[in-house]
Each structure stands twice: as C-alpha cells, then as structure tokens.
Amino acid sequence: MCGIVGYVGPRPVIDVLVPGLAHLEYRGYDSAGIALNHGNSLSVLKRAGRIADLRLLIDQESLDDAISGIGHTRWATHGAPNSGNAHPHVDCDRGVAVVHNGIIENWAVLKEKLIGAGHEFESDTDSEVVAHMIEDMGDVPLAEAVRRVMNQAEGALALAVMRRSEPDVLVGARRGSPLVVGRGDGENFLASDIPAFLEHTREMVVVDDDRVVELRADSVSLTDLEGNAIEPVQHKVDWNFEAAERDGYPTFMLKEIYEQPHAIADTLAGRVSPTGQVVLDELEIDGRMLRAIDKVFVVACGTSYHAAMMAKYAIERWARLPVEIDIASEFRYRDPVLDSRSLVIGISQSGETIDTLAAVRYARAQGSLVIGVSNVVESALAREADAVLYTRAGPEIGVAATKTFTTQLVAMQLLGLYLAQVRGAVDPGAVEVLVTEMLRLPDQVESVLSTSDAIEKLSRDWTDTRDYFFLGRSGDFPVAMEGALKLKEIAYVRAEGYAAGEMKHGPIALIEEGVVVVGVVTDSHVRTKTLSNMEEMKARGGTIVLVAEEGDDVGNVADHVIRVPAGPDLLCTVTAVVPLQLLAYHIATARGMDVDKPRNLAKTVTVE
Ligand code: AGP
C-alpha cells in the first residue's frame, strides 16, 4: 500500500503536497517523493525514508512557481525501498511523472516491450513502465494516454500522472486501489484517502474502479476506460479533520485505544430496538435468504481474522449454524465447498485488503451470499459485497488495529444475534439479555482504560523480556491471539498466541524462567480448565499474568491479575482485549518503538 496525493490550483503546490503526504504516511513510509510541474520543466524530489527526510530536500523558493504536482509515500512491493525506487517516476525525456499504488502484474512484459522500443529505465519498479508507456504514445492527450495504460496494465492500481506539456492538468485512474478527489473552489485535489486534503475541502468524489479522472483547477471530468463521460457524484465528508489528528495523545495508537468506548457506542447505535432486539435492516437481505443459509464462512486477515475467530463461536452458539473460518489468503486455494446456501462474511477494517477481497470475489463467483464488514465507507469490500455492515470506529491511523478490532467484535456479535433472531434459533428474551449487556460495553471498556497506569507499571519489569505466550480457550482464545499479535507488531518481541489446552502438546517445552505467560480467563465455561493449564506453565517457571473478571477467585496461580468487568461469555472478548492492547503499547513505548508506524508493516495490505 502507498499513499498518493495530487494538486492543481493557485496555492504553493508543495504546501499542499507535503502536508498531504504526512497525513497519508500510515499507508507506507519507506520512501517519499513529489513532482512539480512548472510548465517548462518538471522537478522531481524523492528519497528513501519518511516525509521528514523528504522535507530536507525541499528548497521552497525554487519550487514556488509550480502549477500542479503529485506526491507519493511508498510501501515497497517491487524493488528495494531506496531513493531510486521512490516515486514519482519519469520517462526518458522527463516529460511525464507518475505515482502509483498497487501492482502492475504484467509489468515485466510491458517493460521488455518498452526497452525494445529504446526506453531506458532508472528503477526496479513496476510503476515506471507507466511513464514510458505514456511517452511512447506520443502526442496523445494525457487523459486518453492514461486510459490506454489502464487498458493494458493488469492488476490493482491507482495512478496520478502529469505531463510537462499540460501543466494545468492532473490525471488519476483507479482499479482496485483507492482514489478520491477533493473538490475545492478554483482548485482540486487527488488522493488515496481523505485526510490528505481534508484541511482544504470536505467535498469529495470517489473514483470508482476502471475510471479515469481529469482534474483542472476549475473542473473534474470522469470517464470510463472507453472515454465515455460519467457524472461525478459528490459527497460531503462528515468527519472532522481533528478526528484524524492525535488530539493531544502522544501517538495515534493510544488515542485510538482511548476512543474505544465511543467507537463501540457508535457501532451499537441504532442497531438495538426498544424491545432489546437486534435491528440490521441496513443489510437489506430478505429474511428468507438468511433462513435458507446452511453454512457460514468467515474470511479475514490479521487482527480481523481474530474477530472472525470470535464470530465462529458467536454464530455457532447463538444461530446454530456451522461456521468455518479462514485466513483470507488461504481460502481460495483449499477449494472450499460453497454454493448459494453459503453465507460468506469478509471482515476487513480497511475494506481494501487484497486477500480478503479475492476471497469474497471467489465466493460471489460460486453464487454465495457475501456480507462485508468494514470500517471504511465505500471501501472496495463494501462495494463488492451483497450487503455491508459498517463498524463505526472512525479513521484509524495507527498501523496496529485497536478500535477497529473491538468494533469488529461488536459488529460480529450483533450479526450473530441477528442471524439467530431471523432464523428463530434463540429466544427473544435471551437476545434481550445479551443486547442489554452489550449496551454496557462502552462503560466497561472505559473502566478498563482507567487501569492503564497500573498496566504500565506492571510492564516496566518486562521491557527486556523477549518471550511471551498469550493463552486462552474458547472465546478467550481469539483475545489471546490478538494480545500476542499486538505485542509482536509494535514491540518486536516473540509472542505466541496459543489455545491454552494445546500447550501440553508441544510448546510447553519452551516455558522456563523468564517467559511471561498471559492467560485470559473470562469465558466461564472453560475458565477452570484454563486455570489448570496456567498451573502447568507456572510449574515450568513461567511468570503468570491473568486477565480475569472482577470478583472471580482465580486462586494463587497468578503473579499478577488484571481485572476486567464481569459479563457474558463472548461479549467479554471486547473488554478482555483492552488490557492486552495497553500492555503491548506500554512495553513497546518503553522499548522506544514507533508504535504508530512499526517496521515492515503497512496499514492496508493491497498485495498478495
Ligand atoms: C493489525 O494490527 C494489523 N495491522 C493487521 O494484522 C491487519 O489487521 C490486517 O492486515 C487486516 O487488515 P484489514 O482489517 O484492513 O483487512
């Protein structure tokens, strides 16, 4: 995933591009660059590193006369993350500049052809072919040239392109990777995501797949790949720019952890009737279709997969439907048995994860009903699914998912209860009891957040600890998996999430003094079993930390107990994961890590 920004208008162009890129840095940050169009020349500034490194290259004065410009922050896919491979890329004559997000799958064939025609390449990237393809077309208007590129290039891509000879024109194109236009007054913006231009305008146009957009300071024209005009549909962005800022917190991740009570309340809002039943009319799926379902598949990646794990328990327990869960990148390759009676649920906070998109596309091709669960309105997943259930966590900038995870848990609990209701698998009274408990979750999470200082104190002993296990059974298992993933990705320490009962079949050999073992024991029907498993870890020298419900007598197995409010099984996953997010956060910051931008990771993974 990479971030693209473009601008045409009267402001100093670098003053739009560079801050815009800084707002997109969460999309990739191994190199950055800008290209400015001065009419008689293009200047390109780019280097490995972050936007702050790029700023060092900028000599404002010599660049102030630019008419338009494009910028890019990169997460490497083809070619090492060095300055040469940083975007923008130019053609041989330095007349065309291109920034690209995604992968051009047939780049090697295209490149070979261009080299045969005499073009010389400077980088190892797939993206550079676009600049040379346009150069090769000669005197074709830029928008038409980009349409031709889109017709030849295979794969997922978003492009922003400009040409020296058309300084007042910026052209964008999209297939698979996100692209939005910000419409201003006498100026226009192009970006991978809204925060790039939100300080300038709230009016935006989503560029759909296989569309090319031509921006001038005073116009936005959209076409399909044949050049047929398409009326741009304008939306107003209704969230604040401040929502995408840190709001006084030292990091986005901490801010987002603290936003969870609000995010959960928003995700529940309007989805519970006065009689305590789940209302998901927004899905617009006929009840008969849902009653005809005989099997459910949930596909997702990373943290979203942990939400899928919880969903399996919830749907099987409440709706009495068999559920299979799959890591999305594995789904298609095992030949799953799907048909029109299968419901496939794709969970992806970004709605852009290519593995999850490919899995749901595969499911739709088999005639299955697809529900997407996404945090991003109008994301690719939202648009490709038959129905969509939005989590309402607001923008999440920190690479490590926090509020999008807890809201996914809540959304999947709502969906599980809704399926149970529609299929008559559960008594309305039982739904009411659970839903009433769900409405308490925001306050309960708030109370867990108040233990942050105690968790920070606890974590001080473990700044140099290198080995952790996170264990749980049943509903506590996905929580343990998520606790381990959080610690791995932001603190760079080995942390294994494991089913507590499975430890004795091998991994227990790794337990010795110095290993920290975190056990989650909030699921009432397995807590005694998990506690015995924790005794086994203690006997081998592990330091034992338990996440347990208030008032639960966990005996004396634990060296430390972190308390969370008591609640029904499965719903407790939402509160139980919060101390583990805080634990990972405090350990990582004590180790001096950049928790918002962990190494090697990107917020959205749009490559297979
Ligand atoms: C979570 O902290 C990770 N950044 C990662 O595992 C993420 O959950 C995964 O890449 C899936 O992303 P998605 O929800 O946007 O599809």
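Here the structure is a predicted model, which is why all the values come from computation and not from measurement.

About the criteria used
Counting restarts for each chain: residues are numbered from 1 in the order of the written sequence. Since the coordinates come from a predicted model, pLDDT governs what is reported: local features require at least 70, and pairs of side-chain atoms require 80 or more to be given and counted, while whole-chain, interface and lining totals use all residues. To get the side-chain values, take all heavy atoms of the structure and skip hydrogens and water. Lining residues are those with an atom within 4 Å of a point, where the points come from a 1 Å grid over the protein atoms alone and group into cavities, where a 1.4 Å probe fits but cannot get out, or pockets, open sets with protein on both sides within 12 Å along at least five of seven lines. Grid points are joined across faces, edges and corners, and a volume is the space filled by probe spheres set on the points. Asp, Glu, Lys and Arg are counted as charged, while Ala, Val, Leu, Ile, Met, Phe, Trp, Tyr, Cys and Pro are counted as nonpolar; the rest, among them Gly, fall into the polar class. Domain limits in this description derive from either an automatic procedure or a database domain assignment. As used here, the term nonpolar core means buried Ala, Val, Leu, Ile, Met, Phe, Trp, Tyr and Cys residues forming a set that is joined through side-chain atoms within 4.5 Å. The classification of residues rests on relative accessible area computed with a 1.4 Å probe and restricted to protein chains. Under 20% of the type maximum is buried, over 50% is exposed, and intermediate values are partly exposed. Contacts are assigned to residue pairs with any non-hydrogen atoms lying within 4.5 Å of each other. Two strands are said to pair when DSSP picks up at least two bridges between them. Helix numbers and strand numbers start at the N terminus; a helix is a DSSP run of H or I with at least 4 residues, a strand a run of E with at least 2. Nearness is defined per residue: one heavy atom within 4 Å of the molecule or strand is enough. In protein, a polar contact means a hydrogen-donor-capable atom and an acceptor-capable atom, both N or O and within 3.5 Å, with residues adjacent in sequence counting only if both atoms are side-chain atoms; elsewhere, any N or O pair within 3.5 Å suffices. Only the protein chains shown count as cover for residues, and all accessible areas are computed by the Shrake-Rupley method using a 1.4 Å probe. Grid points define the cavity or pocket, and a molecule sits in it when more than half of its atoms lie within 2 Å of them. Throughout this description, the term salt bridge denotes a Lys or Arg side-chain nitrogen within 4 Å of a carboxyl oxygen of Asp or Glu. As a working definition, buried area equals the accessible area (1.4 Å probe) given up by two parts on being put together, with both sides summed. Axis lines are fitted to C-alpha atoms, over the contacting stretch for helices. Their N-to-C directions set the angle, which ranges from 0 to 180 degrees. Put simply, angles under 35 degrees are roughly parallel, angles over 145 are roughly antiparallel, angles from 65 to 115 are roughly perpendicular, and the rest are oblique. Take the far helix as your reference; a near helix turned counterclockwise from it by less than a right angle gives a left-handed crossing, and one turned clockwise gives a right-handed crossing.

Visitor: Please give an account of the layout of surface pockets that cites residues and values.
Guide: The space that makes up the second largest pocket amounts to roughly 510 Å³. Taken together, 28 residues line the second largest pocket, and the ones lying closest to its centre are Cys301, Gly302, Thr303, Lys603 and Val605. Looking at the lining of the second largest pocket, its residues break down into eleven nonpolar, twelve polar and five charged. Each of two domains, domain 2 (249-439) and domain 3 (445-608), supplies a minimum of three residues to the lining of the second largest pocket.

Visitor: For the nonpolar core, give the residues involved together with the corresponding values.
Guide: Ranked by size, the top nonpolar core spans 90 residues in total, and within it Ile315 and Ile345 carry the most contacts. Beyond its immediate sequence surroundings of up to four residues, isoleucine 315 is in contact with Val296, Arg320, Leu321, Val323, Ile345, Met412, Gly416 and Leu419. Ranked by size, the runner-up nonpolar core spans 30 residues in total, among them Leu54, Phe189, Ile194 and Val237.

Visitor: So what's going on with the pairing of strand β3 (residues 42-48)? Which residues, and what values?
Guide: Two strands pair when backbone bridges link them, and strand β2 (residues 31-37) and β3 are joined in this way by seven bridges, in the antiparallel orientation. Bridge pairing in β3 links leucine 36 to serine 43. Counting the residues that bridge the hairpin from β2 to β3 gives four residues, and of these glycine 39 lies at a positive phi of roughly 95°.

Visitor: So what's going on with the sheet that holds strand β8 (residues 170-175)? Which residues, and what values?
Guide: Taken together, the seven strands give an open sheet; going across it, the order is β5-β6-β7-β8-β12-β13-β14, and neighbouring strands pair in antiparallel fashion. Either end of the sheet is taken by a strand with one partner, and the two such strands are β5 (89-90) and β14 (229-230).

Visitor: Tell me about the site of the ligand, residues and numbers included.
Guide: In the vicinity of the ligand, 14 residues are found, and the nearest of them are Ser304, Ser348, Ser350, Thr353 and Glu489. At 2.6 Å, a side-chain N or O of serine 348 approaches an oxygen atom of the ligand. A distance of 2.8 Å separates an oxygen atom of the ligand from a polar backbone atom of glutamine 349. Surface burial for the ligand is 91%, taken as the share of its 410 Å² of free accessible area covered by protein chains. Assessed atom by atom at 2 Å from the grid points, the ligand resides in the second largest pocket. Those elements that provide at least two residues to the shell around the ligand are α10 (302-319) and α18 (476-491). Looking at the shell around the ligand, its residues break down into five nonpolar, seven polar and two charged.

Visitor: Give a detailed account of the pattern of salt bridges, specifying residues and quantitative values.
Guide: Overall, the coordinates contain 31 salt bridges when judged by the stated rule. Among the ionic pairs, lysine 597 bridges to glutamate 25, the shortest N-O distance being 3.7 Å. Taken together, the residues lysine 597 in the segment after α20 (572-590) and glutamate 25 in the loop between α1 (13-23) and β2 connect sequence positions 572 residues apart. Of the residues examined, glutamate 25 reaches a relative accessible area of 9% and is grouped as buried. Each of the salt bridges in this network shares a partner with another, and the network as a whole consists of Lys295, Glu324, Asp326 and Arg334.

Visitor: So what about the domain arrangement of the protein chain? Which residues, and what values?
Guide: For the protein chain, the assigned domains are domain 1 (3-243), domain 2 (249-439) and domain 3 (445-608). For domain 1 versus domain 2, the distance between C-alpha centres works out to 34 Å. Contacts between the two partners involve twelve residues from domain 1, matched on the other side by eight residues from domain 2. When the two sides are added together, the surface that domain 1 and domain 2 hide from each other amounts to roughly 870 Å², 54% of it contributed by carbon and sulfur. At the boundary of domain 1 with domain 2, the tally comes to one salt bridge. Across the salt bridge formed by arginine 383 and aspartate 208, the nearest N and O atoms sit 2.2 Å from each other. Counting across the domain 1 and domain 2 interface gives one residue pair in polar contact (both at pLDDT 80 or more). In terms of residue class, the side of domain 1 that touches domain 2 is built from eight nonpolar, one polar and three charged.

Visitor: Can you break down the packing of helix α4 (residues 107-116) against helix α5 (residues 128-137) residue by residue, with the values?
Guide: Running from amino to carboxyl end, α4 crosses α5 at an angle of 45°, the nearest separation of the two axes being 10 Å. The angle between the axes of α4 and α5 places the two elements in the oblique class. Where α4 crosses over α5, the handedness of that crossing is left-handed. Note on element contacts: α5 touches α4 through Val129, His132, Met133 and Asp136, opposite Trp107, Leu110, Lys111 and Leu114. Partitioned by chemical class, the residues of the contact of α4 with α5 number five nonpolar, one polar and two charged.

Visitor: I'd like to hear about the side chain of histidine 119, residue by residue, with values.
Guide: In this fold, histidine 119 is placed in the loop between α4 and α5. A distance of 3.3 Å separates polar atoms of two side chains, one belonging to histidine 119 and the other to histidine 132. A polar side-chain atom of histidine 119 sits 3.1 Å from a polar atom in the side chain of glutamate 135. Those residues in contact with histidine 119, other than ones at most four positions away along the chain, are Cys92, Leu114, His132, Glu135 and Asp136.

Visitor: Break down the side chain of histidine 100 for me, citing the residues and quoting the values.
Guide: Counting through the fold element by element, histidine 100 comes out in strand β6 (residues 96-102). Reaching out from histidine 100, the side chain makes a polar contact with the side chain of serine 127 at a distance of 2.7 Å. Leave out the neighbours within four places in its chain, and histidine 100 touches Cys2, Ile4, His72, His87, Asp126, Ser127, Ala156, Leu157, Ala158 and Leu159.

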